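Okay, here's what each chain looks like letter by letter:
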Amino acid sequence: GQIANGLLVGGPGVGKSFIIEELQRFCARKQIPCVIIRINDLLEGTNEEIRENTRIENLNWIDALKKAYTKSKAKGFLIFDAFDTAKEERIKSLIISHLQKAIKELEQNWSVLVSVRTFDASKSTRLLELFPHTNINNPVHCRYLEIPELSDDELIASVKTDLKLFEAYQKSTLSLKKLLKVPYFLKLLEKILQDIG
């Protein structure tokens, strides 16, 4: 099926970048083009820096993507990862203009996705305006896919895979159990338990 342009939102540490990496692996297996622009790696946000960041040889990276061939005939994915890491207004503005151009010029062959923390998405009117509005009452009133925290069942299933982790979970306070629903913190606890061995 076709996937529309939109945002990939969620709280800090819920696994947005992990899901993007999994999507990239899936696309590689299916021979679907998938290009990730890691915003946290950009210092200037210029066209040349994006070209270097994506290892696209053509100076005009959008033209290069227009020419990209796909055997699967499926739309490719152009993903701007971690929009919230762009703190300077100058860089944010450049990224927004790159997004506008990519959405307009690549619409035939590419789906443009932007990963961003839910809070930052709700505060960036210019970002939200790039995508068709759906529910105006929602804080993120545009087309988006939300990456939720782990459910109680998912958390329990995750901690049961490791005896030390399960024991630590059982001894945890309610506040810690709530924090562990964020995959980043669950992995952190798992690493701490491995390190103290």
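Residues numbered from 1 in each chain as written. Predicted model: local features only at pLDDT ≥ 70, side-chain atom pairs only at ≥ 80, totals over all residues. Heavy atoms only, no water.

Participant: Give me the lowdown on the overall build of the protein, citing residues and values where you can.
Facilitator: Of the regular secondary structure elements, the protein holds ten helices and five strands. Partitioning the contacts of the protein with sequence separation of at least 6, the portion at a separation of at least 24 is 69%. Of the roughly 11,800 Å² of accessible surface on the protein, 53% is carried by carbon and sulfur atoms. (Helix = DSSP H or I, 4+ residues; strand = E, 2+ residues; numbered from the N terminus. Contact = heavy atoms within 4.5 Å. Areas by Shrake-Rupley, 256 points an atom, 1.4 Å probe, with all protein chains shown as cover.)

Participant: Outline the pairing of strand β3 (residues 76-81), supporting the account with residue identities and numerical values.
Facilitator: Counting buried positions along β3 gives six out of six residues, so the element sits mostly inside the fold. Because side chains alternate across β3, one face comprises the buried residues Gly76, Leu78 and Phe80, and the other comprises Phe77, Ile79 and Asp81, equally buried. Judged from the five bridges that link them, strand β2 (residues 34-38) and β3 form a sheet pairing that is parallel. Paired with Ile37 across the strands is Phe80, a residue of β3. As paired strands, β3 and strand β4 (residues 110-117) are joined by five bridges and run parallel to one another. The partner of Gly76 across the bridge, within β4, is Trp110. Read from β3 through helix α4 (residues 89-105) to β4, the crossover connection turns out right-handed. (Buried < 20%, exposed > 50% of the residue type's maximum accessible area, 1.4 Å probe, protein only. Pairing = 2+ DSSP bridges. Right-handed = clockwise from strand over helix to strand, strands pointing away.)

Participant: Can you explain the packing of aromatic side chains? Please cite residues and give values.
Facilitator: If you walk through the whole model with that rule in mind, you get two aromatic pairs. Between the aromatic rings of Trp61 and Phe80, the centroid separation amounts to 6.4 Å while the plane-to-plane angle is 65°, which identifies the pairing as edge-to-face. Of this pair, Trp61 sits in helix α3 (residues 61-67) while Phe80 is found in strand β3, placing the two residues 19 residues apart along the sequence. Between the aromatic rings of Tyr184 and Phe185, the centroid separation amounts to 5.2 Å while the plane-to-plane angle is 80°, which identifies the pairing as edge-to-face. Note on Phe185: relative accessible area 29%, which makes it partly exposed. (Phe/Tyr/Trp six-rings, centres within 6.5 Å; stacked < 30°, edge-to-face > 60°.)

Participant: Go over the sheet that holds β2 with me, naming the residues and quoting the values.
Facilitator: Strands sit in the order β2-β3-β4-β1-β5 across an open sheet of five strands; the sheet is parallel. Lying at the two open borders of the sheet, with one neighbouring strand each, are β2 and β5 (144-146). Sheet twist, expressed as the mean angle between neighbouring strand axes with direction ignored, is 20°. Each of β1 (6-10), β2, β3 and β4 is contacted by helix α1 (residues 16-30), which is oriented at about 155° to β3, the strand it contacts most. (Axes fitted to C-alpha atoms, helices over the stretch in contact; angles between N-to-C directions.)

Participant: Pulling in residues and values, what's your account of the packing of helix α8 (residues 163-171) against helix α10 (residues 183-196)?
Facilitator: Interhelical geometry of α8 versus α10 gives an angle of 115° and a closest axis separation of 10 Å. Classified by chirality, the crossing of α10 by α8 is right-handed. Here Lys164, Leu165 and Ala168 of α8 come into contact with α10, specifically with Leu186, Leu189, Glu190 and Leu193. Considering only residue class, the contact of α8 with α10 consists of five nonpolar, no polar and two charged. (Left-handed = near helix turned anticlockwise from the far one by under 90°. Nonpolar A, V, L, I, M, F, W, Y, C, P; charged D, E, K, R; others polar.)

Participant: Could you give an account of the packing of helix α7 (residues 152-159) against α8, naming the residues involved and the relevant values?
Facilitator: Put simply, α7 and α8 touch, their axes get as near as 8 Å, and they point 135° apart. On the basis of the axis angle, α7 is oblique to α8. For the pair formed by α7 and α8, the contact residues are Leu155, Ile156, Ser158 and Val159 on the first element and Leu165, Phe166 and Tyr169 on the second. (Parallel < 35°, antiparallel > 145°, perpendicular 65-115°, else oblique.)

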